[in-house]
Amino acid sequence: MLDIQEYRLPNGIRVVHRQVTHTAISHIGIMLDMGSRDEKAHQQGLAHFWEHMAFKGTKKRTSLQIINRLEIVGGELNAYTTKEKICFHASVLTPHYERALELLADITFNSNFPDKQVERERGVILEEMAMYYDSPEDAIQDDFDEIVFANHQLGKNTLGNQESVSRFSRQDLLDFIAENLDTGRVIFSSIGNIPFKKVIHYVEKFLKDIPAKSSNLVRVAPVDYKPQNISITRSITQAHVAIGRNAYALADDKRLPFFMLVNLLGGFGMNSRLNLAVRERNGLVYAIDAGYTPFIDTGYWGIYFATEAKRLNKVNTLILKELKKLRDISLTKTQLINTKEQLMGQMAMSEEGNMSFMLMMAKSLLDIDRIDTLDELFEQIKNVSATQLQDLANEMFQEEDLSYLTFLPE
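Participant: Help me understand the pattern of salt bridges, please; the structure alone is not making it clear to me.
Facilitator: Pairs may arise between side chains of opposite charge once their charged atoms sit close together. In this structure the tally under the stated criterion is 30 salt bridges. Here K85 ties to D367 by a salt bridge, and the two come within 2.8 Å at their closest N and O atoms. Within this pair, whereas K85 is found in the loop between β4 (76–81) and β5 (86–93), its partner D367 is found in helix α13 (residues 354–368), the two being separated by 282 residues in sequence. Taking relative accessible area as the criterion, K85 reaches 2% and is therefore assigned buried. Assessed through its relative accessible area of 13%, D367 is described here as buried.

The following block contains the structure:
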């Protein structure tokens, strides 16, 4: 990609920058290739705990100073943790780019995890866990992971559990970082109206002296997926349902065609097959969607909806009918063209968001060591055939291979 430039520091940290001239805002982030799947059994929730604690004090800043550093110039500082990544990121007016980068480097590599703050933040995370539990649409997604990836760390809740979070100490945080941090698997990603030469100047000022660190981290892929059908009674007013199974990994050649198939089934558009069948024609749900998430060595796809308990069987029947159609009936030429055009349009609009594009660049380099251009992705999409999509439907949409998790009202 001609307008994307890369650089590697002697300590292994990689830099990727895209200069855009039509914005006054710069988006920057430090992404680390480590996440909740890299925790040991007694560390469940520790990656997410670190994400929180990074804002609570460094060797030269208090938590209040961290909070104020960008907000007083109208900027934003944030972070997130996933199964495979931890990311600290910021958005500021471009004149404050240096200020933002210095702060990101500080909280990522110089946090000191004050004991008082550990105790205080423990309570915050326990409240966050309670909030998710009280939101069945969130809780069911986390619980469904445990069904698809049973007895594997990918199936564990990123937030951890009440027992593990209640016992974390400052030393646990230091140990987790020491065990997993690898500067060769860290990306500094940047988008803004700033020349690459200037970016490198700032990067060398704040990231060059970070000590090189390597890790012996080895990720083990889940095995032996077995379909399950589990129902749980909860104090809710609607039935909430997740349906799905394991799927293709990031590097699998079937990933992009399968993403197209799942998008057709229940993607963002209101014309998805599930939305038309379940909501528009029958009025049984407010929303229904399907999604596909690939990881480095596996993946999963799932359908989610909520409905009145008495309508549950009807919705499930309609879903299975749509899956059968995709298995049994090949797309017509027009349907195939429309499916491709819709996905390409969605991808192009997604690239318009500089923040999401900045994060995508970092994740893509960590996962597949390249950043595909839209033209390259479009070429792959155009080459997908109706037969390929039908074959994928027959691989992934067989009823007997699907797992179900249902939250039922008391």
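What follows picks up the thread again.
Participant: Just checking my understanding: could you explain the sheet that holds strand β7 (residues 229–234) for this structure?
Facilitator: Either a parallel or an antiparallel arrangement is found when strands of a sheet pair, and the pairing is made through backbone hydrogen bonds. Read from one edge to the other, the open sheet built from 5 strands follows the order β7-β11-β8-β10-β9, with strand pairing classed as mixed. The strands lining the two open edges of the sheet, one partner per strand, are β7 and β9 (288–294). Ignoring which end each strand starts from, the neighbouring axes of this sheet average 15 degrees apart. Judged from the 5 bridges that link them, strand β8 (residues 239–247) and strand β11 (residues 403–409) form a sheet pairing that is antiparallel. The partner of G244 across the bridge, within β11, is S403.

Participant: Please explain the environment of R311 as it appears in this structure.
Facilitator: Position of R311 relative to the elements: it lies in the loop between β10 (299–307) and α11 (312–328). For R311, the residues in contact, after removing those within four places along its chain, are G283 and L284.

Participant: Got a minute to help me understand the pairing of strand β1 (residues 4–8) in this structure?
Facilitator: Each regular strand shows side chains that alternate between the opposite faces of the sheet. In terms of strand pairing, β1 meets strand β2 (residues 14–19) through 5 bridges, oriented antiparallel. Looking across to β2, one finds that Q5 is bridged to H17. Following β1, the chain reverses through 5 residues before pairing antiparallel with β2; G12 in that reversal takes a positive phi of roughly 100 degrees.

Participant: I keep staring at the packing of aromatic side chains and nothing clicks. Help me out?
Facilitator: The relative placement of two aromatic rings is captured by the distance of their centres and the angle of their planes. In total, this model carries 11 aromatic pairs according to the counting rule given. Ring geometry for F149 and F295: centres 6.1 Å apart, planes at 65 degrees, overall edge-to-face. One end of the pair, F149, is in the loop between α5 (136–148) and α6 (162–167); the other, F295, is in the loop between β9 and β10, with 146 residues separating them in the sequence. Judged by relative accessible area, which is 2%, F149 ranks as buried. Residues Y248 and F258 carry aromatic rings whose centres are separated by 5.3 Å and whose planes lie at 85 degrees to one another, so their mutual orientation is edge-to-face. Placement of Y248 in the loop between β8 and α9 (255–266) and of F258 in helix α9 is noted, with a sequence separation of 10 residues between them. Across this residue pair, the class does not change: Y248 and F258 are buried. The ring of F357 has R18 sitting right over it, with the charged end atom 4.4 Å from the ring centre. Here the guanidinium or amino end of R279 rests over the ring plane of Y286, the centre of that ring lying 5.3 Å away.

Participant: What should I look at first to understand the nonpolar core in this one?
Facilitator: Generally speaking, soluble globular proteins have nonpolar side chains that are buried together. By size, the foremost hydrophobic cluster in this structure holds 51 residues, and its most contacted members are L32, F49, W50, F88, L101, F188 and L207. With 8 residues, the top contributor of residues to this core is helix α3 (residues 97–109). For L32, the residues in contact, after removing those within four places along its chain, are W50, E84, K85, I86, F88, T108, L181, R185, V186 and L366. Grouped together as the second largest cluster of nonpolar side chains are 47 residues, L261, L274, L284 and V384 included.

Participant: Looking at this model, I keep getting lost on the layout of surface pockets. Mind explaining?
Facilitator: Space left empty within the atom packing is revealed by a probe, the size of a water molecule, rolled over the atoms. Approximately 360 Å³ is the volume found for the second largest pocket. Lining the second largest pocket are 18 residues; nearest its centre among them are M129, Y133, D143, N157 and G160. Top element by residues in the lining of the second largest pocket is helix α4 (residues 115–133). It accounts for 5 residues. Within the lining of the second largest pocket, the residues separate by chemical class into 7 nonpolar, 6 polar and 5 charged.

What counts, and at which threshold
- Residues numbered from 1 in each chain as written.
- Predicted model: local features only at pLDDT ≥ 70, side-chain atom pairs only at ≥ 80, totals over all residues.
- Heavy atoms only, no water.
- Salt bridge = Lys/Arg side-chain N within 4 Å of Asp/Glu carboxyl O.
- Helix = DSSP H or I, 4+ residues; strand = E, 2+ residues; numbered from the N terminus.
- Buried < 20%, exposed > 50% of the residue type's maximum accessible area, 1.4 Å probe, protein only.
- Pairing = 2+ DSSP bridges.
- Axes fitted to C-alpha atoms, helices over the stretch in contact; angles between N-to-C directions.
- Contact = heavy atoms within 4.5 Å.
- Phe/Tyr/Trp six-rings, centres within 6.5 Å; stacked < 30°, edge-to-face > 60°.
- Lys NZ or Arg CZ within 6 Å of the ring centre and 35° of its normal.
- Core = buried A, V, L, I, M, F, W, Y, C linked by side-chain atoms within 4.5 Å.
- 1 Å grid on protein atoms, 1.4 Å probe; cavity = no way out; pocket = protein on both sides within 12 Å on 5 of 7 lines; lining within 4 Å.
- Points joined across faces, edges and corners; volume = space filled by probe spheres on them.
- Nonpolar A, V, L, I, M, F, W, Y, C, P; charged D, E, K, R; others polar.

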